[in-house]
Amino acid sequence: MLNRVKQLILSSGLENSTLIAATSGGADSIAMLHILSQISDEMGLELIGAHLNHKIRGSESDLDEEFVVSVFEHLGLVYEIGSVDIPKLSIEEKKSIEDVARTERLKFFYRTSRKYQASAICLGHNANDHTETVLMHIVRGSGIKGLRGMQPVSTLPMEGRLLTLFRPLIEQFRIDIEEYCTLKDLRFVTDSTNEMDQYTRNHFRLSIIPSL
């Protein structure tokens, strides 16, 4: 896994650069953060930690923030912490919690990226996420680009600029990532909303994919 991440960094031209490590505290982002920190000197990386507290799960969200901060400090990383009341914003904007959370995360990552002049935002998306995304695109209707799903590197327009997103674990399956955390004795948190079937991605993961 570690060697493949190195290869992706090199093929994406992200060696010798500043990277923002978006860390939720879950297994994927913790494994990603651990791997990037392990190879940072060899690859010439300057890592900046970033965590957004969505305020969706009350005290549970606050505990996740405290946990992530402790990980950043243990690794000796500079980090940025943001906080947005997503449920309140969802009501005000009359949009789904999923859509508002995604938009606010990207805004936070964009601001952090600009502050540190980073080359890319590192996200913990894995091969399972890729599969879910492709199926969601098929159901909603998609062209060829959408059927490609998630790529290791992609860009999004933000305020007249391009935000580069890097997914170092996109080729790794969730079970392998969790095994890596066990092998390296890495603690992580579990988001209770991941088991709520009313969210679109959760519905695909919990119901549709097992049925298929």
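Residues numbered from 1 in each chain as written. Predicted model: local features only at pLDDT ≥ 70, side-chain atom pairs only at ≥ 80, totals over all residues. Heavy atoms only, no water.

1. Topic: the state of the cysteines
In plain terms, the rule: Only a pair of cysteine sulfur atoms within 2.5 Å counts as a disulfide in this structure description.
Summed over the entire model, instances satisfying the criterion amount to zero disulfides. The thiol sulfur of Cys 122 is not disulfide-bonded, and the nearest other cysteine sulfur, from Cys 181, lies at 16 Å.

2. Quick look at a nonpolar patch on the surface
Where we set the bar: A patch is a set of surface residues, each over 30% in relative accessible area and not in a salt bridge, joined within 9 Å for like charges and within 5 Å for the nonpolar side chains Val, Leu, Ile, Met, Phe, Trp and Tyr. The Shrake-Rupley method, run with a 1.4 Å probe, gives the accessible areas here. Residue values count only the displayed protein chains as cover. The term salt bridge refers to a pairing of a side-chain nitrogen on Lys or Arg with a carboxyl oxygen on Asp or Glu at a separation within 4 Å. Per the convention used, a helix needs a DSSP run of H or I reaching at least four residues, while a strand needs a run of E reaching at least two, with both numbered from the N terminus. In this scheme, a residue with accessible area under 20% of its type's maximum is buried, one over 50% is exposed, and one in between is partly exposed, where area comes from a 1.4 Å probe on protein chains only.
There is a patch of nonpolar side chains on the surface, built from Ile 138, Ile 144 and Leu 147 and spanning about 310 Å² of accessible area. Note on placement: Ile 144 falls in helix 7 (residues 144-147). You can call Ile 144 exposed: its relative accessible area is 68%.

3. Let's talk about the sheet that holds strand 1 (residues 18-22)
Counted only if it meets this: Two strands qualify as a pair provided that DSSP identifies no fewer than 2 bridges between them. Lines fitted to C-alpha atoms define the axes here, with helix axes fitted over just the stretch in contact, and angles between the N-to-C directions of these axes take values from 0 to 180 degrees. Residue contacts are counted whenever heavy atoms from the two residues lie within 4.5 Å of one another.
Strand order in the open sheet formed by six strands is 3-2-1-4-6-5, with mixed pairing between adjacent strands. If you trace the sheet from one side to the other, it starts and ends with strand 3 (78-83) and strand 5 (153-158), each paired once. Here the strands of the sheet are splayed against their neighbours by 30 degrees on average, with no regard to which way each runs. As paired elements, strand 5 and strand 6 (residues 161-166) share six bridges and run antiparallel to each other. When the sheet's bridge partners are listed, Leu 156 is paired in strand 6 with Leu 163. Contacts between helix 3 (residues 59-74) and the sheet are confined to strand 1, strand 2 (46-53) and strand 3, with strand 2 contributing the most and set at about 170 degrees to the helix.

As far as function goes, none of this settles anything; it's purely spatial.
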